[in-house]
Structure formats: structure tokens, C-alpha cells
Amino acid sequence: IGRVIILVTANTRDVAYRWVAHKKENQMYRILETLKKEFTYAQPQPTLKTFIPEAQKVSIVADYREKGSEVMKELIELGISLRLEKLVYADYLCSAQCAIEFKTVEDFVLSIIDGRMIEQLKEIKKNFTKPLVIVQGEQNIYTIRKVHPNAIRGMLASITVGFGIPILQTKNAKETASMLAIIAKREQDTGRD
């Protein structure tokens, strides 16, 4: 605890400033005392999630291998109800009919090279009526892994025309999570025509 000493010269403006400051200080203490008496600590404000019944929440089933991904974190931020399971045919399920195979740009090209993509697409098409592929990333897909551009174009044509599976591209995890949330909401909205 310290002490402040202010020197004031008699019969100068300093006297007026001192009394004005003293009056303002007293007023401040009175206001603080009033606030202490009247103010009650507010309870934390409920969020919108509190008012949404559990039955109305949008839910997505994710493959347990996606557990640490940025997409999962973004889905949680969006208030999506997530359930982790071992999924055999897809990375995300938005409904019983809608399954999503998620790939980063690098993984997409690598799965073309090692042949995984064709097998994954066959299984997802066979088991779901609304399959979808999401490719995340802003890299140029034709410059990754020195794969000939026609090989990638051929795979893209095979996915969309041959298998009839739409491909969506997103820039980052936040955009991917938003897309998944919107798809799940549309799929789970039973009142939609």
C-alpha cells in the first residue's frame, strides 16, 4: 500500500482542480457502492444449443479414423452431434442413404495411384443410394505426385460419369465441415418436399 501526496498552492487554480477531483472521486465511490448493492452476478447465458431438442439436432456418423481431424473439430464447433464408429465403406454418413468419401487433394491422387479409389467407389455405390466424394485442398491436383493430367482427368470422368457419383471440392476443413453440416441437415429434414 502506497501513499500519494499532492501539493496545492493556495489561491490558485490548483485548489479548484483539487476539489473537482475530490468530488469526482467521491461520486465514483458512491456509484460503486450502489452497483455492489444492486448488482447480482449473472448466470452464464444459455446457448442456442440448449434450446434445441436432442431429436432436432443434426447428427453425423464419422469413421473413427477421422477422430483427430480438423473437420471433426469444425463440426463440433458448428454444434453437430457426432458419433464415431468403424465405417467400412465411407468416412462420413449423413443419413442412411448418403455416404461421403472424404479425401485431401494429396490423398485423392495417391488413392488413384494405388488403386484404392476404384474399390472404395464400387463399395460406396453398391451400399448407398446417395454417395458423394469431397476433395479438400487448394493445391493444383494435376501437379501432385507427377501423375499425368490425363490419368487424373480419366479418374474424375470415371467417378462422375461412370459411377454417377458427384465430386465436391472444398478449400479447407471449415468449408468441408460446413458442407457436411448442410448435407446432413438436408438429409435429416423430414419435413422437406
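As shown above, the structure is provided for reference.
No experiment lies behind these values; they were computed from the predicted model shown. Numbering of residues starts from 1 in every chain and runs along the sequence as written. Given that this is a predicted model, residues contribute local features only at a pLDDT of at least 70 and side-chain atom pairs are listed and counted only at 80 or more, while totals for whole chains, interfaces and linings are drawn from all residues. Think of the side-chain values as coming from all heavy atoms in the structure, minus any hydrogens and water.

Draft legend 1. Fine view of the side chain of D91. Within the element layout of this structure, D91 appears in the loop between β2 (81–85) and β3 (92–93). A simple rule labels every residue: compare its accessible area, found with a 1.4 Å probe on the protein chains alone, to the largest value its type can have, and call it buried under 20%, exposed over 50%, or partly exposed in between. In this charge count, Lys and Arg are treated as positive and Asp and Glu as negative; neither His nor the chain ends contribute. Salt bridges, as used here, are contacts in which a Lys or Arg side-chain nitrogen is within 4 Å of a carboxyl oxygen on Asp or Glu. In this structure, D91 is buried with no salt-bridge partner, the nearest side chain bearing the opposite charge being K103 at 5.6 Å. For helices the rule is a DSSP run of H or I covering at least 4 residues; for strands it is a run of E covering at least 2, with both sets numbered from the N terminus onward.

Draft legend 2. Here's a closer look at the sheet that holds β2. If you trace the six strands from one edge of the open sheet to the other, you get β2-β1-β3-β4-β5-β6, paired in mixed fashion. Strands at the two margins of the open sheet, each flanked by one partner only, are β2 and β6 (167–170). Where helix α5 (residues 116–127) meets the sheet, it contacts β4 (98–104) and β5 (130–136), and its direction lies at approximately 165° from that of β4. Only strands that DSSP links by at least two bridges are regarded as paired with each other. Whether two residues are in contact is decided by their heavy atoms, any of which lying within 4.5 Å being enough. For helices, the fitted line uses only the C-alpha atoms of the stretch in contact; every axis is such a line through C-alpha atoms, and the angle between N-to-C directions lies from 0 to 180 degrees.

Draft legend 3. Highlighting the layout of surface pockets. A cavity here means a set of points on a 1 Å grid, drawn over the protein atoms and nothing else, where a 1.4 Å probe fits but cannot get out; a pocket is an open set with protein on both sides within 12 Å along at least five of seven lines, and a residue lines either one if it has an atom within 4 Å of a point. Grid points are joined across faces, edges and corners, and a volume is the space filled by probe spheres set on the points. Estimates place the volume of the second largest pocket at around 180 Å³. Considering the residues around the second largest pocket, the lining is formed by 13 residues, among which R65, V88, D91, E101 and Q120 are closest to the centre. Broken down by element, the lining of the second largest pocket gets its largest block of residues, four residues, from α5. Gly falls in the polar group here, along with every residue not listed as nonpolar (Ala, Val, Leu, Ile, Met, Phe, Trp, Tyr, Cys, Pro) or charged (Asp, Glu, Lys, Arg). By residue class, the composition of the lining of the second largest pocket is four nonpolar, one polar and eight charged.

Draft legend 4. Focus on the environment of D14. You can see D14 is positioned in helix α1 (residues 13–38). D14 has contacts with V8 and T9, leaving out every residue within four places of it along the chain.

Draft legend 5. Looking closely at the pairing of β6. Alignment of β5 against β6, held across four bridges, turns out to be parallel. Note on β6: the bridge partner recorded for I134 is L168. By convention, orient the strands away from the viewer: a clockwise path from the first strand over the helix to the second makes the crossover right-handed. Assessed by its sense of winding, the connection that carries the chain from β5 through helix α6 (residues 149–162) to β6 is right-handed.

Draft legend 6. Just the nonpolar core, in detail. Each nonpolar core is a collection of buried residues, namely Ala, Val, Leu, Ile, Met, Phe, Trp, Tyr and Cys, held together in the definition by side-chain atoms within 4.5 Å. L93, F108, L121, I124, I159 and I165 are the most contacted members of the largest nonpolar core, which has 23 residues in total. Looking at this core, the elements that each hand over two or more residues are α4 (105–113), α5, β5 and α6. Examining the composition of this core, we find that four residues originate from one element, α4, more than from any other. With residues near it in sequence (within four places) discarded, L93 still touches I60, V61, L87, C98, A99 and F128. Within the second largest apolar cluster, 20 residues are counted, among which are I60, F102, A173 and I183.

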